[in-house]
Each structure stands twice: as structure tokens, then as C-alpha cells.
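What follows is each chain in one-letter form.
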Amino acid sequence: MKKLLLLFALLMCAPALAHGPTPIKVDESIVIAADPKAVWAVAGKFDGLANWHPDIQSVKATGGDAAGAEREIAFKKGGVLKEGLDEYDPGAFKLSWRMSDPNLDAMPVSSYTLTFTIEPAPAGGSLVKWRGRLYRGDTSNEPPENLNDDAARVAMSNFLHDGLQSLKKKVEGK
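Computed from a predicted model, the values in this text were never measured in an experiment.

Novice: How should the packing of aromatic side chains be read in this particular structure?
Specialist: Each aromatic ring pair is characterised by the separation of its centres together with the angle its planes make. For the structure shown, the criterion picks out nine aromatic pairs. Members of the aromatic cluster, connected to one another through ring pairs, are F46, W52, F75, W97, F116, W130 and F159. Across from the ring centre of W97, 4.7 Å away, lies the NZ or CZ of R71, which sits over that ring. If you follow K77 out to its NZ or CZ, it ends over the ring of F75, 5.6 Å from the centre.

This is the structure:
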């Protein structure tokens, strides 16, 4: 009986000892006073992020808009991230891509997948959604403050939010 209780106690402790990072979800959206086709014309190219995102200095891309295309985005603050295109569906106004190679100076995350969609807004115009699924920069059990869950969430949320605000201004001509 003692052995059974000991085994039970060990099994109950095992999940606590095996803790690691959990996926972080960041969702941002905005309504733009324009038809989805007009928004897509500005934001619907994998190599076009620097044309509307205020944090991006330049984009070097290969492969066009086909799944498997790659790009390097250079940030104005410094740092470059490599990304790969997973899905490009102009009929559904949808792009999905992932980070291929982390750069903690550019973004305090170890990996991410982003999905960008445009749909008709209920009251007119376009509802643009940008969703991120990511892991913090340091995946150890005790990450430093600049690479923990909060730092990753804030950095990605700010990146998505700032991009959507800038896209709105560009499309609406403000």
C-alpha cells in the first residue's frame, strides 16, 4: 500500500516538474472604411509589408505569393526576421506565415505563426484581423523579464496593432 501511495504521489508531482512555455495568443483587429478588395490591394502581397507597416524598413522576398515563399523583414529599430509563407488565398483575402529563424533583438519570441484576413464588416467596410500564435523568446522554465511571456505578448500585440493602425490610415487616405 505504501508503494502505491508513493507511486501516486510521484505521478501527481510529474506534471509540475515538466512545465515549459505555453502558446501565447495575440489577436488584433480593426475596421477600415473601404471594400475588402481595396484593403487587399494594399496589404495582400507577401513582399509588401514595408509599404504599410510603420516598423518595417524593408522586405527582401523570394517566391512571390506562393506557399513556400520566403522573406526577410528588416525593422527600422534594427534586426531582421526570416519568415516563410504557409498560405496565400486572394479569394478569401487571407495570408498565413511563420517565423523561420528567430532574432531576439528584433522580436522577443522564439517562434510564431501569423494569419492576416480581411472580411466584409457588418456595418460596411472591412474587418481586418491579424492573429498571432507564438512562444516567448526564452523557453526555459525561468526566462529573464525581457524574454518572458509578457514581453513576447506585448511586443507582438504592439507590432500587430501598429500595423493595423497604419494600414487603416494608408487605405483611408488619412
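On we go from here.
Novice: Explain the pattern of salt bridges here, please?
Specialist: Side chains bearing opposite charge may pair, as long as their charged atoms lie close to each other. Inspection of every chain in the model, using the stated rule, returns nine salt bridges. As a salt-bridge pair, R133 and D27 come within 2.9 Å of each other at their nearest N and O atoms. Of the two residues, R133 is situated in strand β7 (residues 126–136) and D27 in strand β1 (residues 24–32); the sequence distance between them amounts to 106 residues. A residue is classified by how much of its surface remains accessible, and D27, at 44% relative accessible area, is partly exposed. K45 is the salt-bridge partner of D65, the closest N and O atoms lying 3.1 Å from each other. Separated by 20 residues along the polypeptide, D65 in the loop between β2 (56–62) and β3 (70–75) and K45 in the loop between α2 (36–43) and β2 bring together distant segments of the chain. Overall, D65 belongs to the buried group, its relative accessible area being 16%. You can call K45 partly exposed: its relative accessible area is 46%.

Novice: Before we go on, may I ask you to explain the side chain of E28 in this structure?
Specialist: Position of E28 among the secondary structure elements: in strand β1. The residues contacting E28, other than those within four sequence positions of it, are V128, K129, W130, S157, L160, H161 and L164.

Novice: Please clarify how the nonpolar core should be interpreted in this entry.
Specialist: One broad trend across soluble globular proteins is that nonpolar side chains are buried collectively. If you look at the biggest cluster of nonpolar residues, it comprises 39 residues, and the most contacted ones within it are F116 and W130. Per-element tally for this core: the top contributor is helix α3 (residues 149–172), with seven residues.

Novice: Help me understand the environment of P21 in this model?
Specialist: Checked against the element boundaries, P21 lands in the loop between α1 (2–17) and β1. Between the C-alpha atom of P21 and that of N148, which follows or precedes it by 127 residues, the distance is 9.1 Å. Those residues within four positions of P21 in sequence are excluded, and the remaining contacts are Y135, R136 and T139.

Novice: Can you walk me through the pairing of β7 in this structure?
Specialist: Look at any regular strand and the pattern is simple: side chains alternate between the two faces of the sheet. Looking at chain direction, β1 and β7 are connected through nine bridges and run antiparallel. Paired with S29 across the two strands is K129, which belongs to β7. The antiparallel pairing of strand β6 (residues 109–120) with β7 creates a hairpin that spans five residues between the two strands, and G124 there sits at a positive phi of about 105°.

Rules used throughout
Counting restarts for each chain, with residues numbered from 1 along the sequence as it is written. Per-residue local features are limited, in this predicted model, to residues with pLDDT of at least 70; the limit for side-chain atom pairs, both in listing and counting, is 80 or more; totals at the level of whole chains, interfaces and linings are taken over all residues. Water and hydrogen atoms play no part in the side-chain values, which are based on all heavy atoms of the structure. When the centres of two rings from Phe, Tyr and Trp lie within 6.5 Å, Trp using its six-membered ring, the rings pair. Their planes under 30 degrees apart give stacked, over 60 give edge-to-face, and anything left gives tilted. Only lysine NZ and arginine CZ atoms are considered, and such an atom sits over a ring when it is within 6 Å of the ring centre and within 35 degrees of the ring normal. Take a side-chain nitrogen of Lys or Arg and a carboxyl oxygen of Asp or Glu: if they are within 4 Å of each other, that pair is a salt bridge. Numbered from the N terminus, helices here are DSSP runs of H or I no shorter than four residues, and strands are runs of E no shorter than two. Working definition: with a 1.4 Å probe on protein chains only, accessible area under 20% of the residue-type maximum means buried, over 50% means exposed, and in between means partly exposed. Only heavy atoms matter for contacts: two residues are in contact if any of them lie within 4.5 Å across the pair. Among buried residues, those of type Ala, Val, Leu, Ile, Met, Phe, Trp, Tyr and Cys that are joined through side-chain atoms within 4.5 Å constitute a nonpolar core. Strand pairing is assigned whenever DSSP detects at least two bridges linking the two strands.

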